[in-house]
Amino acid sequence: MTTRQENLENKIVTLEEAIRRRGIWLNTGQKVTFTNGCFDILHKGHVTYLAQAADLANRVIVGLNTDASVKRQGKAADRPINDQDARAIVLASLGVVDLVVLFDENTPLELIKALQPDIVAKGADYDANERNPESKTYIVGADVMDQIGGEVIAIPLVDGFSTTNLIDKIKG
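The model shown is predicted, which means the values in this text are computed figures rather than measured ones. (Residues numbered from 1 in each chain as written. Predicted model: local features only at pLDDT ≥ 70, side-chain atom pairs only at ≥ 80, totals over all residues. Heavy atoms only, no water.)

Right, let's talk about the sheet that holds strand 1 (residues 12–13) for a bit. Taken in spatial order, the six strands make up an open sheet running 1-4-3-2-5-6, and their pairing is parallel. In the strand order of this sheet, the two ends are held by strand 1 and strand 6 (151–155), each with one partner. With five bridges joining them, strand 5 (residues 119–123) and strand 6 adopt parallel strand pairing. Bridge pairing links lysine 122 to alanine 154 in strand 6. Set on the sheet, helix 5 (residues 84–92) makes contact with strand 1, strand 3 (59–65) and strand 4 (99–103); between it and strand 3 the angle comes to about 165°. (Pairing = 2+ DSSP bridges. Helix = DSSP H or I, 4+ residues; strand = E, 2+ residues; numbered from the N terminus. Contact = heavy atoms within 4.5 Å. Axes fitted to C-alpha atoms, helices over the stretch in contact; angles between N-to-C directions.)

Put into structure tokens, the structure is as follows:
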């Protein structure tokens, strides 16, 4: 019998395993939403966002920045607060998340190309209609989604919730 801990760990997969499972879901007619982020200190904004991403399809795959990738994002020097293993297991514990795939690149573009999800979702601080990759509001992978006939969706954010604000409040 598989323990609940093992069930969580089985949701954290390599890209190759994510591609395999994506293929199974595709063959059974299930739609997949892909989203990504650092998810450093999980809060109400993250959980609400992920639940809304889950409402868009049958399955959700989260691309999670590795610690090195987070460091290159230009966030504060002490980020990430939680290491990639801790962040991955917390995400995996959410019922709305089906798979977590770590990526070390600066963007999840290669994951999106490999997984070819039906939907790429990001928070509404990005613009689903922006197609200029140089724009700060561009959603990485929008061009790929256009090529494969997928959707790009911006999900409304919950006001007042951000990891930076939470860290400032704790330090405050």
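On to the layout of surface pockets, then. Taking a probe equal in size to a water molecule and rolling it over the atoms shows the remaining empty space. Estimates place the volume of the largest pocket at around 1,000 Å³. Among the elements of the structure, strand 2 (32–37), helix 3 (44–55), strand 5 and helix 8 (163–171) are those that each provide at least two residues to the lining of the largest pocket. A total of three residues in the lining of the largest pocket trace back to one element, the largest contributor, which is helix 3. When its residues are assigned to classes, the lining of the largest pocket shows 13 nonpolar, 14 polar and seven charged. (1 Å grid on protein atoms, 1.4 Å probe; cavity = no way out; pocket = protein on both sides within 12 Å on 5 of 7 lines; lining within 4 Å. Points joined across faces, edges and corners; volume = space filled by probe spheres on them. Nonpolar A, V, L, I, M, F, W, Y, C, P; charged D, E, K, R; others polar.)

With that settled, the discussion passes to the pairing of strand 5. Extensive coverage of strand 5 is indicated by the burial of five of its five residues. Relative to strand 5, strand 2 runs parallel, the two sharing two bridges. Within strand 5, the residue paired with threonine 33 across the bridge is isoleucine 119. Once you follow strand 5 into helix 7 (residues 142–148) and on to strand 6, the crossover reads as right-handed. (Buried < 20%, exposed > 50% of the residue type's maximum accessible area, 1.4 Å probe, protein only. Right-handed = clockwise from strand over helix to strand, strands pointing away.)

Interpretation note: all reported values are geometric properties and have no functional meaning in isolation.
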